[in-house]
Amino acid sequence: MKKLIEKARDKHFLTKVELIELLECKNIEINNFLFSTADIIRKHYLGEQIHLRGLIEISNICNQNCFYCGLRNANNNIKRYYLEPDKIIKTAKNAIEAGFKTIVLQSGESSVYKLDQLVYIIKEIKKFDVALTLSLGEKSLEEYKTYKEAGADRYLLRIETTDKKLYKQMHPNMSYSNRLKCLDDLKSLNFELGTGCLVGLPNQTFESLADDILFFKEIEADMIGIGPFISSPNTPLENATNGDFLLALKVMALTRLLLPDINIPATTAMETIEKNGQLKALCSGANVVMPNITDKTICKNYSIYPNKANLNVELNKIKALLTNKFSTINRTISNDHGFHNR
Ligand code: SAH
Ligand code: SF4
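Residues numbered from 1 in each chain as written. Chains lettered and ligands numbered in written order. Predicted model: local features only at pLDDT ≥ 70, side-chain atom pairs only at ≥ 80, totals over all residues. Heavy atoms only, no water.

Visitor: Please clarify how the overall build of the chain should be interpreted in this entry.
Guide: Of the regular secondary structure elements, the chain holds 14 helices and 9 strands. Against the compact-globule benchmark of 20 Å for 342 residues, the chain has a radius of gyration of 19 Å, which places it among compact chains. Buried positions account for 56% of the 342 residues belonging to the chain. Across the chain, every contact between residues at least 6 apart in sequence was considered, and the portion connecting residues at least 24 apart equals 76%. (Helix = DSSP H or I, 4+ residues; strand = E, 2+ residues; numbered from the N terminus. Rg over C-alpha atoms; globule rule 2.2 N^0.38 Å. Buried < 20%, exposed > 50% of the residue type's maximum accessible area, 1.4 Å probe, protein only. Contact = heavy atoms within 4.5 Å.)

Visitor: I keep staring at the pattern of salt bridges and nothing clicks. Help me out?
Guide: For side chains of opposite charge, pairing can occur when their charged atoms come near one another. Taken as a whole and judged by the stated rule, the model has 23 salt bridges. Across the pair Glu-48 and Arg-42 runs a salt bridge, and its minimum N-O distance is 2.9 Å. Since its relative accessible area comes to 29%, Glu-48 is described here as partly exposed. On the basis of relative accessibility, which here comes to 2%, the residue Arg-42 falls in the buried class. Taking the shortest distance from any N to any O, the salt bridge between Glu-192 and Arg-154 comes out at 2.9 Å. Remark: Arg-154 occurs in strand β5 (residues 154–156) and Glu-192 occurs in strand β6 (residues 192–199); sequence separation between them is 38 residues. Of the two residues, Glu-192 and Arg-154, both sit in the buried class. By sharing partners, the salt bridges in this structure join Asp-39, Arg-42, Lys-43, Glu-48 and Arg-331 into a single network. (Salt bridge = Lys/Arg side-chain N within 4 Å of Asp/Glu carboxyl O.)

Visitor: When you look at the site of ligand 2 in this model, what are you seeing that I'm missing?
Guide: Lining the immediate surroundings of ligand 2 are Cys-62, Gln-64, Cys-66, Tyr-68, Cys-69, Leu-71, Arg-72 and Gly-108. More than half of the atoms belonging to ligand 2 lie within 2 Å of the grid points that define the largest cavity. (Near = heavy atom within 4 Å. 1 Å grid on protein atoms, 1.4 Å probe; cavity = no way out; pocket = protein on both sides within 12 Å on 5 of 7 lines; lining within 4 Å. Sits in = over half its atoms within 2 Å of the grid points.)

Visitor: Is there a simple way to explain the pairing of strand β3 (residues 102–107) in this structure?
Guide: Successive side chains on a regular strand alternate, one facing one side of the sheet and the next facing the other. Counting buried residues along β3, 6 of its 6 residues qualify, which places the element largely inside the surrounding structure. On β3, burial covers both faces: Thr-102, Val-104 and Gln-106 on one face and Ile-103, Leu-105 and Ser-107 on the other are all buried. Note: strand β2 (residues 54–59) against β3, 5 bridges, orientation parallel. Across the sheet, Ser-59 pairs through a bridge with Ser-107, a residue of β3. (Pairing = 2+ DSSP bridges.)

Visitor: Quick question: what am I supposed to make of the sheet that holds β6 here?
Guide: The strand order across the open sheet formed by 6 strands is β2-β3-β4-β5-β6-β7, and the pairing between neighbours is parallel. Here the strands that pair on one side only, and so sit at the sheet edges, are β2 and β7 (223–228). Strand-to-strand twist across the sheet, computed as the mean angle between neighbouring axes with direction ignored, equals 20°. In the sheet, β6 pairs with β7 via 6 bridges, with the strands oriented parallel. Paired with Gly-194 across the strands is Met-223, a residue of β7. (Axes fitted to C-alpha atoms, helices over the stretch in contact; angles between N-to-C directions.)

Shown next as structure tokens:
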């Protein structure tokens, strides 16, 4: 088993069968070797600097009904909101003044913002010295093109799972082929492309997780976000078992070995489900952290899953707090935009 990890470390390649073998492995020593090897590869390719991305949850209004997500349209138990464009721009400005070099705008999938409003928001934020990421769900090629021309740099759209049958079960009225088309469109427009998957969905297999990792390599993603599934109230999966932290960490570490120079966040879901999950992820291949910078009174309604791990400090204190936290693992915060250098 160690030989397989060494092969992945040296060749950045594993077959599906080899990936499944490692994913299934329950041996603590082997798994720890996987995590420490992913850490070495991260250090070798990307150094000790952690990139911060300031996440603004601009709206929880969503037309979709993903089975796992608390923002799904059929959930009538949450208060829906959207932030006014000028409020978004103000929050971004404050974050940039507080030292953030990337802003991420995320929302449910809806048309609550008209295209010209989004163009306005993108252009205003891009007047600052900052990289801008969008995560607004599936849109048309024309819409993506308009965002790119307005100045957006990156787009996050997780494939969620490459198991087509499971994808269909989890996403009523959505199509796997359109998901792929969106990712292709984003790639063709030269966005830095972020995708990723959930780990621990009901009926998800090791085989399909191996496929997910190979898919990330195949589409040449620039960023991969991997999070454990966390059961959310008022969804069809409210009684389902949560995903396993260690398995999510293994999917992440294997992704690091196969895509050695990409950006990989220590996701909020990892911190939510496991004490010090974020630091553990940062020591197992991750090099990015995405603190939530949405107004505290508002983001409580962005309830994708319960008890989301958020920092309880003002925006201008986040960088100092994280500088301290990361110093405990001998890491620093980067002062550049954190683009993916191929
Ligand atoms: N609407 C956009 C962005 C918001 S959702 C989109 O769907 O792309 C952002 C991510 O939250 C999703 O990609 C999904 O992987 C994750 N997510 C949703 N529900 C979750 C849950 N119950 N547990 C863990 N992650 C979840
Ligand atoms: Fe909407 Fe995204 Fe949640 Fe699906 S995952 S219900 S698209 S917010």
